[in-house]
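Below, each chain spelled out in residue letters.
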Amino acid sequence: MAADNLTNISSALTQSFSKRLVKNWNRQGILISQIPVVSDGGQGDAKQVAWDALMTGATAGAFLEGSDVAQSEFNQDPAIPAVLPWGMYRTAFKLSNLEINAGSRNLAGAIELGNLVGLRAEGSITKMLSVMNRDFFSGTGTDASGSPNVVGLSAALQNSGTYAGISKNQYVEWQGNVLGNGGVVRPLTFDLLAALEQSVFIASGRQPTAIVCSPGIARKYEGLFESRRMTIDNGSAAVLGYQGSTTMPYTGPQTNLYWRSLPIFRDRDCPPNTLYMLNMQELETKYLPFSPLAPDGVNVRNANMPSSDGTNFAPTNIQCTVYPLARLGSAVPFVAEVYVQMKLSRPNAHGLLLDCAEI
């Protein structure tokens, strides 16, 4: 008989797996994590997201001594209702009784497989947040299937059309500050950033509080300063003084870059060649909480939606509701859902820079 080797006994050996379950997805929601969640307790965030916007209508001017006030001089600023419907998101997963029971007795594999319900809920909810984060940039209010989603930054900040039912053509104060180049990309420069901030200031009298951009734009912004980088040598070795563009906090990669003291966030869901100057005081996330009294008696669980890169998890302030559906056999279906909308209280307090080269 030939010499023995592993192949001869491999089928009889027990296969064990690492305790760690490696998640190979990136479902970070950088933008959605930065926007404050505001609850008005049902006033303006119940049936729909609604607020009153005061537009320019008042007039003033010089007058002749002793002249009467003409009827045409009586004008005032109109209050216009701004209304946005809820964006509706959900995710579903289903587990058989057999896999739940087998997973609970899992002894030689990833520990997280012992709680399959929690594991599947975590994966589905992080995916839902990732989809929502993408729509916070590019949503139009209706997705490709006709379902209601979030009206994102790109749609809300246009300087034509409508937002929240108000015409931007009729009320110029409702226009965003868009600085484009007709679809032709051009290099990112300090002056482009200054011109966009100037537009925001002129239109609203406010200043942006943060910049959100694509990863490629963040790289180009860092490159503006590379020609002036200095390395300090103490005689024995270089001092680690250059910080570069990124660090690794618990929320995942985030830039160390600033512009005029404004923090710069990069987000993989941000459209390419695009940069947003945002005033977080005029930007809110609204969501509609589930009633604590389930009308059908089904137990529901509210959970903070986490942003995750697969390794690090950071909870957001948006809650979704997880509940089981009717059991039809030897399996339990679950669904998680949330009603959410992004509210730009003043579109003219924000800026949108388009057509910046990333290559």
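Above this text you will find the structure in question.
Thresholds applied
- Residues numbered from 1 in each chain as written.
- Predicted model: local features only at pLDDT ≥ 70, side-chain atom pairs only at ≥ 80, totals over all residues.
- Heavy atoms only, no water.
- Salt bridge = Lys/Arg side-chain N within 4 Å of Asp/Glu carboxyl O.
- Helix = DSSP H or I, 4+ residues; strand = E, 2+ residues; numbered from the N terminus.
- Buried < 20%, exposed > 50% of the residue type's maximum accessible area, 1.4 Å probe, protein only.
- Pairing = 2+ DSSP bridges.
- Contact = heavy atoms within 4.5 Å.
- Axes fitted to C-alpha atoms, helices over the stretch in contact; angles between N-to-C directions.
- Polar contact = N/O pair within 3.5 Å; in protein donor to acceptor, adjacent residues only side chain to side chain.

**Regarding the pattern of salt bridges**
A full pass over the atoms with the stated rule returns 9 salt bridges. Between Asp40 and Lys286 there is a salt bridge, and its shortest N-O distance comes to 2.8 Å. Of this pair, Asp40 sits in the loop between helix H2 (30-34) and strand S1 (49-54) while Lys286 sits in strand S15 (residues 283-287), and the two are 246 residues apart along the sequence. Among the residues examined, Asp40 registers a relative accessible area of 37% and is labelled partly exposed. Judged by its relative accessible area of 0%, Lys286 falls in the buried class. Between Arg260 and Glu197 there is a salt bridge; the shortest N-O distance is 3.3 Å. You can see Arg260 sitting in the loop between strand S12 (258-259) and strand S13 (262-266) and its partner Glu197 sitting in helix H6 (residues 190-204), a full 63 residues away along the chain.

**Concerning the sheet that holds strand S9 (residues 210-213)**
The strands that make up a sheet are held in pairs by hydrogen bonds between backbone atoms, and each pair lies either parallel or antiparallel. On the basis of which strands lie adjacent, the open sheet formed by 6 strands has the order S8-S19-S14-S9-S13-S12 and mixed pairing. The open sheet is flanked by strand S8 (177-179) and S12, the only strands paired with a single partner. The pairing of S12 with S13 spans 2 bridges and is antiparallel. For Tyr258, the partnering residue across the bridge sits in S13 and is Pro263. Packed on one face of the sheet, H6 meets S8, S12, strand S14 (275-278) and strand S19 (351-353) and runs near 160° to S8.

**Quick notes on the environment of Asn348**
Summarising the element assignment, Asn348 is placed in the loop between strand S18 (331-344) and S19. Asn348 sits in the buried class, given a relative accessible area of 6%. When the C-alpha atoms of Asn348 and Trp174 are compared, they prove to be 6.0 Å apart, with 174 residues separating the residues in sequence. Setting aside anything within four residues of it in sequence, one finds Asn348 in contact with Glu173, Gln175, Asn177, Val200, Ala203 and Ser204. A polar contact of 3.3 Å, which involves the side chain of Asn348, links it to the backbone oxygen of Ala203.

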